[in-house]
Amino acid sequence: MAKPHRNLTRAYAQDLRLFGTPWAKVGLATMILVVVLLPTVLHDDFWLSILVYVGITAVGAIGLNLLTGYCGQISLGHAFFIGAGAYCTAIVGGDLGLPLPLWLLAAAAVGAALGGLIGPFALRLRGNYLAIVTLGLIFVGEHLWRNLKGVTGGNSGTSVAAPPAVGPVDFSRLEIAGEVYSRNQGYFWLVWGLVALIALLAKNLVRTRPGRALQAVRDRDQAAEVIGVRAGRYKIGAFMVSSAIAAVAGALFGSYQQFVSPDEWNLLLSIQYIAIVIVGGLGTIFGSILGAVFVGALPALIDRYSADIPGVRTSVGGEGFISVFALNQAIFGVLIVLFLVLEPRGLAGIWLRVKTYFKAWPFSY
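These numbers come from a predicted model, not from an experiment.

Some words on the packing of helix 9 (residues 183-207) against helix 10 (residues 209-219)
Packing of helix 9 against helix 10 leaves a shortest axis separation of 4 Å and a crossing angle of 70°. In terms of axis orientation, helix 9 runs roughly perpendicular to helix 10. Contact residues: helix 9 offers L205, V206 and R207, while helix 10 offers R209, G211, R212 and Q215. A breakdown of the residues in the contact of helix 9 with helix 10 according to their chemical character gives two nonpolar, two polar and three charged.

So this is what it looks like as structure tokens:
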């Protein structure tokens, strides 16, 4: 049997690398440099806080994209798993006082277990029916969060005193070479470091045999069964991995905010995550991050500058025809419709077209 030409083998091996081209390596180095230096340059706590929330949102969006973008399972219950991770952190990190690695792992384990319970519903349901079942999780979760007062504090909420520390390194008061950094600066490095780690793990996962099986189930689940892919196993596995990552996002959210209440895990949060993965690009890991940057910062920015937006009512009984909450819902709905109609591949698709254009230049026309 003839061996493949070594040039073809080398080209194939280069395609398998995450950063196989010089430009990709330059881009990676630039991103690392920006993440390292940005908190030392940007001293405004408001913008640092937004970037921290964006990073937490990016973690949850990666989890949802693995389930919806790569496996094709629609979920409207993402907020339920995020809330479960936050309350788990309140107990494991706050009440028990365990360090950061343990409360993150505990949140991931709880999320995976809950995802494993929901996953079997995906074996018989798909499309809109599965979306309705996962939507029910929001209302089940709301009932649990309001009535399990010993765990969640009920309607009053609960404090989350989970220490963001790994050994002697405390990210809430980070000290490097005699320089003490603020809580927002420390959390920025912590959260975006975890974004990079989870994105790397997710990217490698989708390039492995299980990742290709997920995409086969998404595209043609019956055909995938015919060629030996056990669709049921991979659907449940996708729910477990997605829920675990969502719970990690909830753990980071609770630890950073230091207080959570049942009002935060509502349908709007799930819709926001759907908008993020659609705007960013379904079936792309870096699209999840792009969507989080583009969409995740909108609620905080609208809340901050709502007084300057014409027609927005900033208080009960105030002037204006739309509240801040309703405006957020309207924006998420409009973004979902526009991107599904005009750019189904999202921001990631736009980036890939731009990259292909310059790669093929001057033969791009």
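Considerations on the environment of A300
Secondary-structure assignment places A300 in helix 15 (residues 298-305). For A300, a relative accessible area of 30% gives the class partly exposed. In sequence terms A300 and F46 are 254 residues apart; their C-alpha atoms lie 9.4 Å from each other. Among residues more than four places away in sequence, those in contact with A300 are F46 and I50.

Quick word on the packing of aromatic side chains
Enumeration over the complete set of coordinates arrives at 11 aromatic pairs. Judged by centre distance (5.0 Å) and plane angle (40°), the ring pair of Y87 and W145 falls under tilted. Placement of Y87 in helix 4 (residues 78-95) and of W145 in helix 7 (residues 127-147) is noted, with a sequence separation of 58 residues between them. Assessed through its relative accessible area of 3%, Y87 is described here as buried. We classify W145 as buried; its relative accessible area is 8%. Aromatic rings pair up to connect Y53, F80, F81, Y87, W145, Y187, F253, Y256 and W265 into one cluster. Lying over the aromatic face of F46, R304 brings its terminal NZ or CZ to 3.9 Å of the ring centre.

Quick look at the pattern of salt bridges
Evaluation of the coordinates by the stated rule reveals four salt bridges. Two residues, E142 and R146, come together in a salt bridge whose shortest N-O distance is 3.4 Å. You can see E142 and its partner R146 sitting in helix 7, four residues apart, about one turn around the helix. Using a relative accessible area of 32% as the deciding quantity, one classes E142 as partly exposed.

Observations concerning helix 3 (residues 45-70)
The end-to-end C-alpha distance of helix 3, which contains 26 residues, comes to 36 Å, matching closely the 38 Å that a straight helix rising 1.5 Å per residue would cover. Along helix 3, the sharpest kink reaches roughly 30°, centred on L64. Burial of helix 3 is extensive: 22 of the 26 residues sit out of reach of the surface. The residue sitting at the N-terminus of helix 3 and contributing the capping side-chain oxygen is D44; that oxygen lies 2.9 Å from the backbone nitrogen of F46. Positioned one or two residues after helix 3, G72 has a phi angle of 75°, which is positive.

Here is what the cut-offs are and how they apply
- Residues numbered from 1 in each chain as written.
- Predicted model: local features only at pLDDT ≥ 70, side-chain atom pairs only at ≥ 80, totals over all residues.
- Heavy atoms only, no water.
- Axes fitted to C-alpha atoms, helices over the stretch in contact; angles between N-to-C directions.
- Helix = DSSP H or I, 4+ residues; strand = E, 2+ residues; numbered from the N terminus.
- Parallel < 35°, antiparallel > 145°, perpendicular 65-115°, else oblique.
- Contact = heavy atoms within 4.5 Å.
- Nonpolar A, V, L, I, M, F, W, Y, C, P; charged D, E, K, R; others polar.
- Buried < 20%, exposed > 50% of the residue type's maximum accessible area, 1.4 Å probe, protein only.
- Phe/Tyr/Trp six-rings, centres within 6.5 Å; stacked < 30°, edge-to-face > 60°.
- Lys NZ or Arg CZ within 6 Å of the ring centre and 35° of its normal.
- Salt bridge = Lys/Arg side-chain N within 4 Å of Asp/Glu carboxyl O.
- Expected span 1.5 Å × (residues − 1).
- Bend = angle between axes of the 7 residues up to and from the residue.
- Polar contact = N/O pair within 3.5 Å; in protein donor to acceptor, adjacent residues only side chain to side chain.

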